Amino acid sequence: TAAAVELEREGRLVIDEQEYVEVKLTDAGRNIASGKNSLPERRIAKVLRDLGGSASIKQLLEHPLVKHGALEPGKHARGLTELGWADFDKGTLVLQPLAASAEPKPSSLEQLLQLANATEDALEIAGDNHADALALLRSRKDYASVKERTRRIVRATDTGQQMLDAFAREKIAEFDIRTQ
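These numbers were taken from a predicted model, which means no experiment stands behind them.

Caption draft 1: Here's a closer look at the overall build of the protein. Of the regular secondary structure elements, the protein holds 10 helices and six strands. A globule of 180 residues ought to have a C-alpha radius of gyration of about 16 Å, yet the protein, at 27 Å, is considerably larger. Counting only C-alpha atoms, the protein reaches 90 × 30 × 25 Å along its principal axes. Sorting the 180 residues of the protein into buried and exposed places 31% on the buried side. The contacts in the protein between residues at least 6 apart in sequence include a share of 70% that link residues at least 24 apart. For the protein, the accessible area works out to roughly 11700 Å², and carbon and sulfur atoms hold 50% of it. The distance from the centre of the 26 positive side-chain charges to the centre of the 29 negative ones in the protein is 6 Å.

Pasting the structure below:
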């Protein structure tokens, strides 16, 4: 990199830097994205529907899906409210109408996980207009790792290309049997 920077100072190279965010799913994130598992908030919403649309944390803890599914309703109560699927007041979760009658449509977190899962290696997000989505992914470290990255693209200027061409001619002449 130091050599490239020096050649850029001499006007022989141009270095373009592109910042982006790399998103890689964890196994848990891939399982949710592929439909093998669902978000804990989605499973708790189902339990709340089974219980008539509202329940205390204590009532949720007694439900078989919570007991056997290793769900922690208290831990995910905030997520339910952030998704707009439930209200949480004085220890009681109450489903919102959009989640009370049927499965809610995929949340933005689920959509992001599905998008990241569709890429072969990692999802790359560039630009500042994705800050909310990235904050959401960063808050759920169990589903994805989010890292700031920089891609550097190096290209020769006209002067640099002339230097490369001269260097190539010189090296080819060194090894050309006909010239010896």
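Caption draft 2: Here's a closer look at the side chain of arginine 140. Within the secondary structure, arginine 140 sits in the loop between α9 (131-139) and β6 (144-156). Apart from the residues lying within four places of it in its own chain, the contact partners of arginine 140 are Leu39, Pro40, Glu41, His76 and Leu109.

Caption draft 3: Seen up close, the layout of surface pockets. Taken as a whole, the largest pocket holds about 330 Å³ of empty space. Forming the boundary of the largest pocket are 14 residues, of which Glu41, Gly79, Glu82, Ser139 and Arg140 lie nearest the centre. For the lining of the largest pocket, the secondary structure elements donating two or more residues are α6 (73-82), α8 (108-117) and α9. Per-element tally for the lining of the largest pocket: the top contributor is α6, with five residues.

Parameters at a glance
- Residues numbered from 1 in each chain as written.
- Predicted model: local features only at pLDDT ≥ 70, side-chain atom pairs only at ≥ 80, totals over all residues.
- Heavy atoms only, no water.
- Helix = DSSP H or I, 4+ residues; strand = E, 2+ residues; numbered from the N terminus.
- Rg over C-alpha atoms; globule rule 2.2 N^0.38 Å.
- Buried < 20%, exposed > 50% of the residue type's maximum accessible area, 1.4 Å probe, protein only.
- Contact = heavy atoms within 4.5 Å.
- Areas by Shrake-Rupley, 256 points an atom, 1.4 Å probe, with all protein chains shown as cover.
- Lys, Arg positive; Asp, Glu negative; His and termini not counted.
- Charge placed at Lys NZ, Arg CZ, Asp CG, Glu CD.
- 1 Å grid on protein atoms, 1.4 Å probe; cavity = no way out; pocket = protein on both sides within 12 Å on 5 of 7 lines; lining within 4 Å.
- Points joined across faces, edges and corners; volume = space filled by probe spheres on them.

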